[in-house]
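Summary of structural features
The lines below spell out each chain.
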Amino acid sequence: MSGRDERAQATRGALLRAARELFAERGYGAVGTEQVVARAGVTRGALYHHFRDKRDLFRALHVEMERELMEAIGERMGEANDPWDLLVTGLRAFLDACTDPAVIQINLLDAPSVLGWAEWREIDERFGLGLITAGLDNAMEAGIVRRREIRPLAHLLLASLVEAAMLIANAPDPKAAREEIEQPLLELLEGLRA
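The rules we used
Residues numbered from 1 in each chain as written. Predicted model: local features only at pLDDT ≥ 70, side-chain atom pairs only at ≥ 80, totals over all residues. Heavy atoms only, no water. Helix = DSSP H or I, 4+ residues; strand = E, 2+ residues; numbered from the N terminus. Buried < 20%, exposed > 50% of the residue type's maximum accessible area, 1.4 Å probe, protein only. Lys, Arg positive; Asp, Glu negative; His and termini not counted. Salt bridge = Lys/Arg side-chain N within 4 Å of Asp/Glu carboxyl O. Contact = heavy atoms within 4.5 Å. pLDDT = per-residue confidence, 0-100. Phe/Tyr/Trp six-rings, centres within 6.5 Å; stacked < 30°, edge-to-face > 60°. Lys NZ or Arg CZ within 6 Å of the ring centre and 35° of its normal. Axes fitted to C-alpha atoms, helices over the stretch in contact; angles between N-to-C directions. Parallel < 35°, antiparallel > 145°, perpendicular 65-115°, else oblique. Left-handed = near helix turned anticlockwise from the far one by under 90°. Nonpolar A, V, L, I, M, F, W, Y, C, P; charged D, E, K, R; others polar. Polar contact = N/O pair within 3.5 Å; in protein donor to acceptor, adjacent residues only side chain to side chain.

1. Overview of the side chain of Asp110
By the secondary structure assignment, Asp110 is in helix α6 (residues 101-115). The buried charged residue Asp110 lacks any salt bridge partner; its closest oppositely charged side chain belongs to Lys54, at an N-O distance of 8.6 Å. Residues contacting Asp110, with those up to four places away along its chain left out, are Phe23, Gly27, Tyr28, Phe58 and Gln105.

2. Quick notes on the confidence of the model for the protein
Predicted coordinates in regions of low pLDDT should not be interpreted in detail. Confidence in the prediction for the protein averages 95 pLDDT; 100% of positions are at 70 or higher. Averaged pLDDT values over the elements of the protein bottom out at 92 in helix α7 (residues 117-141) and peak at 98 in helix α2 (residues 33-40).

3. Structural notes on the environment of Ala18
As for its placement among the helices and strands, Ala18 is situated in helix α1 (residues 3-26). In the structure, Ala18 is positioned 22 residues away from Ala40 in sequence and 5.3 Å away in space, judged by C-alpha atoms. In this view, Ala18 contacts Val36, Arg39 and Ala40; residues no more than four positions away in its chain are not counted.

4. Let's talk about the pattern of salt bridges
A full pass over the atoms with the stated rule returns 21 salt bridges. The salt bridge involving Arg147 is made with Glu141; its shortest N-O contact spans 2.7 Å. Take Glu141: its relative accessible area is 59%, and that puts it in the exposed class. When salt bridges with common partners are traced through the structure, they connect Arg76, Arg92, Asp96, Arg178, Glu179 and Glu182 into a single cluster.

5. Concerning the packing of aromatic side chains
Throughout the structure, instances matching the rule amount to three aromatic pairs. When the centroid spacing of 5.2 Å and the interplanar angle of 75 degrees are considered together, the rings of Tyr28 and Phe58 count as edge-to-face. In this pair, Tyr28 sits in the loop between α1 and α2 while Phe58 sits in helix α4 (residues 54-77), placing the two residues 30 residues apart along the sequence. Each residue in the set Phe23, Tyr28 and Phe58 is aromatic and connected to the rest through ring pairs, giving one cluster. Above the plane of the ring of Tyr28 lies Lys54, whose end atom (NZ or CZ) is 4.1 Å from the centre.

6. Considering the side chain of His155
Looking at the secondary structure, you find His155 in helix α8 (residues 150-169). Of the residues examined, His155 reaches a relative accessible area of 19% and is grouped as buried. Ignoring anything within four residues of it in the chain, the contact list for His155 reads Arg121, Glu125 and Leu129.

7. Remarks on the packing of α4 against α6
The geometry of α4 relative to α6 is characterised by a closest axis approach of 10 Å and an angle of 130 degrees between their N-to-C directions. Classed by the angle they form, the pair α4 and α6 counts as oblique. Considering how the two elements wind past one another, α4 and α6 form a crossing that is left-handed. Residue-level inspection shows Arg55, Phe58, Arg59, Leu61, His62, Met65 and Glu66 of α4 in contact with α6, the latter providing Ala102, Val103, Ile106, Asn107, Asp110, Ala111, Val114 and Leu115. For the contact of α4 with α6, the residue count by class is nine nonpolar, two polar and four charged.

8. Quick word on the environment of Glu190
Checked against the element boundaries, Glu190 lands in helix α9 (residues 174-190). A residue is classified by how much of its surface remains accessible, and Glu190, at 41% relative accessible area, is partly exposed. On a C-alpha basis, the gap between Glu190 and Trp84 in space is 9.5 Å, while along the polypeptide they are 106 residues apart. At 2.8 Å, the side chain of Glu190 forms a polar contact with the side chain of Arg193.

This is the structure in structure tokens:
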């Protein structure tokens, strides 16, 4: 990578970090691009060199956070001992992540309205659906979950997780809501056992 490419990558990274901090603290609607460039220590021209507008910056940040979230969940799932434990660990890791104030504000509260439901869902599916499908397929191969058409089941499980995330994000006490939601989700998952 050339020095120019490294500087461009550093600038883009600074903008994304600044946007993450500001959007998490104040929400998308309360942050202007002038605040992002000031926090990042770059010019407005640098922002528009890397992103078309504030919405494009937000989209890139949301995608980055979704990727990081799935990687972190995948890491925790890697600690599981068997296919069932893998599913349960993934579910719990996701619920834990949904109590993070940045995830709540950016990924759950702002993203659906800023990006629109269809684009938000497409990004969510791009990252979450693959992980869920792999977990279910693994459990079916091991005979722990009854064999059935995996794609619709993965979509329904993803929808349940998204709804749980929204309940957590909109609760007065997200940590208490997370604890309350875990058992019903585990019971739903239990219904899939062979």
